[in-house]
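# Residue-level structure breakdown
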Amino acid sequence: MANRNYNMYDGIDFSMFEPKQGSYERNAARKIETTAVPVADKPKMELVKKPKKTLNQVKREMHASALQSAKIIAISVFLLSMLSALLYGRIKVDELDRQISAAETKITTAQSENVRLNMQLDSMISLKNVEEYAQTNLGMVKMESYQIEYIDLSGADKVTVSGARTLNANSTSLYSKIMEYMSR
């Protein structure tokens, strides 16, 4: 703000606003100098002409812009393919999640059915139902105490040969001969 242009006030007399002799010393207001500032000439505008390019320079610039365009297109295609792959992956994950949910629902239903069938089977093969079926459909009755026959195995062991054969005490088997030989 210090470099204000006061040139437009050059023709105006500000002397009537000046304080009287000696009064400005007690005044804190700043005194404006009335010295004339020379008007600077505006610079002339010139038309700047670019130098003409040679054919090689134009070809190099065209080649550089074509390479830059090719890079931009390649990067765009790469990013688009990455976005497509990401979207495809998300779609597949979503589809597999839906299949997992459906399979879990089927498993839950099958487990419920399994529990129901096991309970039904347990009720069908209970001892009471088996006894009732045996008595009504098969004509079976419960065993009485007089029908029980006990076998006594406390006696000595003996061998009985069936038919007309006799047991020869002198003939021994190969096994018994081997055992006798080893015990010596």
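Note that the structure is predicted; figures quoted are calculated from it, not measured. (Residues numbered from 1 in each chain as written. Predicted model: local features only at pLDDT ≥ 70, side-chain atom pairs only at ≥ 80, totals over all residues. Heavy atoms only, no water.)

### Looking at the overall build of the chain
On a plain count of helices and strands, the chain comes out with three helices and zero strands. What you see in the chain, going N to C, is helices and strands ordered as α-α-α. Scored against the burial criterion, the 184 residues of the chain give a buried share of 1%. (Helix = DSSP H or I, 4+ residues; strand = E, 2+ residues; numbered from the N terminus. Buried < 20%, exposed > 50% of the residue type's maximum accessible area, 1.4 Å probe, protein only.)

### Points about the confidence of the model for the chain
Atomic detail in the predicted coordinates should be set aside for any region of low pLDDT. Across the chain, the average pLDDT comes to 82, with 79% of residues at 70 or higher. Mean pLDDT values for the elements of the chain range from 81 in helix 3 (residues 174-183) up to 95 in helix 1 (residues 55-124). (pLDDT = per-residue confidence, 0-100.)

### Thoughts on the pattern of salt bridges
The full count for this structure, using the stated rule, is three salt bridges. Asp94 is the partner of Arg98 in a salt bridge, and the nearest nitrogen-oxygen pair spans 2.7 Å. Of the two residues, Arg98 and Asp94 both sit in helix 1, four residues apart, roughly one turn of that helix. The class for Arg98 is exposed, based on a relative accessible area of 52%. Asp94 gets classed as partly exposed once you look at its relative accessible area, which sits at 39%. (Salt bridge = Lys/Arg side-chain N within 4 Å of Asp/Glu carboxyl O.)

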